[in-house]
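# Chain and residue survey
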Amino acid sequence: MIVNNVSLEAVAVKGEQYPTSGLPEIAFAGKSNVGKSSLINLLINRKKLARTSAAPGKTQTINFYNVEDMVYFVDLPGYGYAKVSMAERERWGSMIEYYLKKREQLKLVLLLVDARHKPGDHDKLMFDWIVYNGFRPVVVATKADKLKRSQLPKHLKMIRQELGMEKSDLLFPFSALKRFGQAEIWNKIDDILELKESHTN
């Protein structure tokens, strides 16, 4: 997909605030500060449309970005940030749970984890929850540029093992800074949307 037109169409905390156009949706899940907004911005060729912040826990709503009137990129609230109150974390969890369970337009979930570290308990729970709701998430290992090239295969293997991924599950290393992994992710999205374009970095 060639991206020229993108807009933040809806900011939702409950189902009745979701868009009603029926466009397919690609959801982005991950712990706070893992790089969801940076990935979305790179995919849509924008610097600041998706809200990024140095402060974890910034995304407190479900944000729907209309991409070319063909698909919504859906930025889910980041999870696992300890300084947010338990009540707030439970509210975000309920929001994510409701969206994954109820949203018929949802076609693909991208689960972002930090390439440098073992997936945490929240990452494992989210992976299992996505699978429970009928999806095989595409896992995106962010901040991969922080690792030496020789370290990357070991870390990707560790992520697969910790999450209990199947051999057929997709895992893409990604760096917003170095801009690698972008083409592979877009090609998967195009495949889901049955578009035939091929992207290159």
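Summarised in this report is the structure supplied together with it. Note that this is a predicted model, so its numbers are computed, not measured. (Residues numbered from 1 in each chain as written. Predicted model: local features only at pLDDT ≥ 70, side-chain atom pairs only at ≥ 80, totals over all residues. Heavy atoms only, no water.)

## Concerning the pattern of salt bridges
Worth spelling out the cut-off: In what follows, salt bridge is the name for a side-chain nitrogen of Lys or Arg lying within 4 Å of a carboxyl oxygen of Asp or Glu. Secondary structure follows DSSP: runs of H or I at least 4 residues long count as helices, runs of E at least 2 residues long count as strands, and numbering of each begins at the N terminus. The rule is simple: take the accessible area with a 1.4 Å probe, protein chains only, and divide by the maximum for that residue type; under 20% is buried, over 50% is exposed, in between is partly exposed.
Scanning all chains against the criterion turns up 8 salt bridges. Close ionic contact of glutamate 25 with arginine 103 constitutes a salt bridge, the shortest N to O distance being 2.7 Å. Taken together, the residues span a long stretch of sequence, with glutamate 25 in strand 2 (residues 25-30) and arginine 103 in the loop between helix 2 (86-102) and strand 5 (106-114) at a distance of 78 residues. With relative accessibility at 0%, the residue glutamate 25 sits in the buried group. Arginine 103 sits in the buried class, given a relative accessible area of 12%. Between glutamate 162 and lysine 124 there is a salt bridge, with the nearest N and O atoms lying 3.0 Å from each other. Taken together, the residues span a long stretch of sequence, with glutamate 162 in helix 4 (residues 152-163) and lysine 124 in helix 3 (residues 121-132) at a distance of 38 residues. One network of salt bridges, with partners in common, ties together Lys118, Lys124 and Glu162.

## What to know about the nonpolar core
Filter applied, for reference: We define a nonpolar core as any set of buried Ala, Val, Leu, Ile, Met, Phe, Trp, Tyr and Cys residues linked to one another through side-chain atoms lying within 4.5 Å.
Counting residues in hydrophobic clusters, the biggest one holds 35 residues, and the most contacted among them are Phe64 and Tyr99. Among the nonpolar cores identified, the runner-up in size contains 26 residues, and Val140, Phe172, Phe174 and Ile185 belong to it.

## Looking at the pairing of strand 2
Filter applied, for reference: Between any two strands, at least two bridges found by DSSP are needed for them to pair.
Where burial is concerned, most of strand 2 is hidden: 6 out of the 6 residues are buried. Side chains Glu25, Ala27 and Ala29 of strand 2 all project onto a buried face; the interleaved residues Ile26, Phe28 and Gly30 project onto the opposite face, where all are buried too. Of the pairings in the sheet, the one linking strand 2 to strand 4 (residues 71-75) comprises 4 bridges and is parallel in character. The partner of isoleucine 26 across the bridge, within strand 4, is phenylalanine 73. In the sheet, strand 2 pairs with strand 5 via 6 bridges, with the strands oriented parallel. In the sheet register, phenylalanine 28 faces strand 5, and the bridge partner there is leucine 110.

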